[in-house]
Each structure stands twice: as structure tokens, then as C-alpha cells.
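Coordinate analysis (summary)
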Amino acid sequence: MAQAEIVCMGEPMIEFNQTGREGQYLRGHGGDTSNCAIAAARAGASAGMFTGVGRDEFGDSLMQLWTENGVDAAQVIRSAEAHTGVYFVHHGEAGHSFSYLRAGSAASRIAPADVPRDYICSARILHASGISLAISATACDAVFEAMAMAREAGVLVSFDTNLRLRLWPLARARAMIEAAVAMTDIALPGLEDAEQLLGLSDPDRIADHCLRLGARVVALTLGSKGCLVATPDERRLVAGLPVQAVDATGAGDTFDGNFLAEYLRIGDPFAAARFANAAAALATQGHGAVAPMPRRREVEAFLAQAAA
């Protein structure tokens, strides 16, 4: 069995991103945990996906994407009965918004019995998100099953809150995400998510909450301001790097993948956050989730330039 250091679990999707012309969309790929896996692989880590896609052209496209980016997809389930999820990105004065065609998708039909125990338990990190939990009840159960397997095997669990209230009501999201963070070693919340989930806006209080639940490392993303990184012993605000942003789609996922890859490589969450901030900034300079994601050499060059 092929093995990956970072195994990502969730729903991959086909993306149609609105361009400057009315009615024109650029086709690409998305899905938060798939984006994370690709970002990690471009940062030099060994990454893999566990999910479901349809036996359709969109599923073929995702399988090809993972192959091209060095992401192991050997454990991806191909379904003849369910389709691959699709979403549209619209751009306006208030930023970008999303429309989804994902109900009943192959990824949403994943169940606990489908989770590949050996694959999960041989990884170093299992990564999932609030979206991984939200797409269906069986998918939610499968994520918790995978997390339990990982913890039993000594595999680190990483979790991004990634709140999408179109997928589930806030009360259920609060309960399930809180339970997931309690099983998490590396918590990757966003400030906007935490404000809705916890009713907290102070970054230190949000970090304290995640640490009390049991996280060893918290990297709370603060948009262009960077992130607050906290451990039980230390915390620092790691500043963002200024760029001329074009499209923020996938920037958070780029942060996640680069943070996990660099944390595995050097074991320093503060340096990993600096690297991930740089990667996320670069990812905002093009359209779409995947295409603008930088590779390690580009991130290193950007950091060197910023330090000069």
C-alpha cells in the first residue's frame, strides 16, 4: 500500500470560478481538504487523500489532478451511483461567494466502514475540517472514526473549523466542531469561524479555548494580519506578508497544507506559520483555489525577498 505522511479527508470538488466577463467561468478544482493535500505536496510533503468521487469525467479530472501534484489517491473510492461535487465562485463588492451542487455526492456517502484503518494509522498527520463533518451524517461519523483510529495509533490529528452554515445549522455545527477540536492535536481555526462558533472575538481567548480542549498547537488565522500561534507554553502573533490580492479562494487551505508540511519538517509551529503565511499570501495573487498555490521554492524565494 502506498503511504502518505499527511492524509486529508473530506470532499474534493470541481470549481467554476467567475471571471471578469459576465457569464464566464474558469473551470478548476477545489474542496478544502483536497486543496490542503495539494498545498502540502507542493511544499514537499508526502500527502494523500481519502474520499469518494464519481465514476464521471469530473472524478477523472480530480484523480488526474492528484497524480499530477504527487498526491496519493490510491484510497479514493470511485462510485458508479453518485456524482462528484461541483461549486461556483462569484465575485462582488463584498468579496467572493459560493453556490454548491453537492447533495448526494460520492464524498457525502462515505461511511465509517469505508475508512482505511492501515492507511490512517500509518500516517503522521490526519487532517479533516468542519466541511468534512458537515456534508452528511455518515461522513461526519466516518471522520470521527478516522480520528479515533489516528489517536489510538499515535497519529497527530489536524482540524480546520471551516464553518459553512449552508451545510448545517449553527447549533449542530457548534456541537460537532467542539467535539472534533477535543480530539485534535493541531487546531487550525479561522477568526470569523470562531466568532460564530464561540461568540469570542479576542484571539487569545479563542486560542485558550482550543488549548483547554486538548490541542497541542493552535494556529488561529487572522486574514491579512497573519495568525496567532499558541502552545501550552508559548504564543506569538506571526505577521502576514503584504501582497496585492486578486482572489482569496483557497488561501486558508494553502495555509493549512504548508503549515502541516513545514511543521512535520522542522517541528517549530512558529516558523511553520511564517512559511504558511507566505504561501497563503502568494496563493491570493491568482484566480481559483489550486492554480495559484505556490511550490516550496517560490515560498522560500518570497520569504528571502521579504527578509532582504
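Everything that follows concerns the structure shown earlier in this document.
Described in the following lines is the structure provided in the data block. Computed from a prediction, not measured in an experiment: that's the story for all the values here. (Residues numbered from 1 in each chain as written. Predicted model: local features only at pLDDT ≥ 70, side-chain atom pairs only at ≥ 80, totals over all residues. Heavy atoms only, no water.)

Side note on the sheet that holds strand β14 (residues 226–230)
- Taken in spatial order, the 9 strands of this open sheet run β6-β4-β1-β10-β11-β12-β13-β14-β15, and their pairing is mixed. The sheet is open, and its two edges are formed by β6 (71–72) and β15 (235–239), each paired on a single side.
- Sheet topology note: the strand β4 (residues 47–50)/β6 ladder contains 2 bridges and is parallel. Each bridged residue has a counterpart across the sheet, and for Gly48 the counterpart in β6 is Asp72. (Pairing = 2+ DSSP bridges. Helix = DSSP H or I, 4+ residues; strand = E, 2+ residues; numbered from the N terminus.)

Concerning helix α8 (residues 203–213)
- The set of residues buried in α8 consists of Ile206, Ala207, His209, Cys210 and Leu211.
- Elements that come into contact with the buried residues of α8 comprise α6 (170–181), β12 (186–187), α7 (191–198), β13 (217–221), β14 and β15.
- Downstream of α8 by a residue or two, Gly214 has a phi angle that is positive, lying close to 125 degrees. (Buried < 20%, exposed > 50% of the residue type's maximum accessible area, 1.4 Å probe, protein only. Contact = heavy atoms within 4.5 Å.)

Structural notes on unusual backbone geometry
- Even without being a glycine, Asn162 presents a positive backbone phi close to 30 degrees.
- Along the polypeptide, Asn162 turns up in the loop between β11 (156–160) and α6.

Topic: the pairing of strand β8 (residues 85–92)
- Sheet analysis places strand β2 (residues 13–18) next to β8, joined by 5 bridges and oriented parallel. Directly across from Ile14, in β8, lies its bridge partner Val86.
- Linking β8 back to strand β9 (residues 95–101) in an antiparallel pair, the connection comprises 2 residues.

What to know about the state of the cysteines
- Here the structure, examined in full by the defined rule, presents 0 disulfides.
- Its sulfur unpaired, Cys227 is 13 Å from the next cysteine sulfur, which belongs to Cys210. (Disulfide = S-S within 2.5 Å.)

Quick word on the nonpolar core
- Among the nonpolar cores identified, the biggest contains 58 residues, and Ile6, Trp66, Ile186, Phe255 and Phe259 are the most heavily contacted of them.
- It is helix α10 (residues 269–283) that contributes the most residues to this core, 10 residues altogether.
- Those residues in contact with Ile6, other than ones at most four positions away along the chain, are Ala40, Ala45, Ser46, Ala47, Gly48, Ile125, Leu260, Ala261 and Leu264.
- With 45 residues, the next largest nonpolar core counts Ile110, Ala142, Phe144 and Val157 among its residues. (Core = buried A, V, L, I, M, F, W, Y, C linked by side-chain atoms within 4.5 Å.)

Keep in mind these values describe shape, not function.
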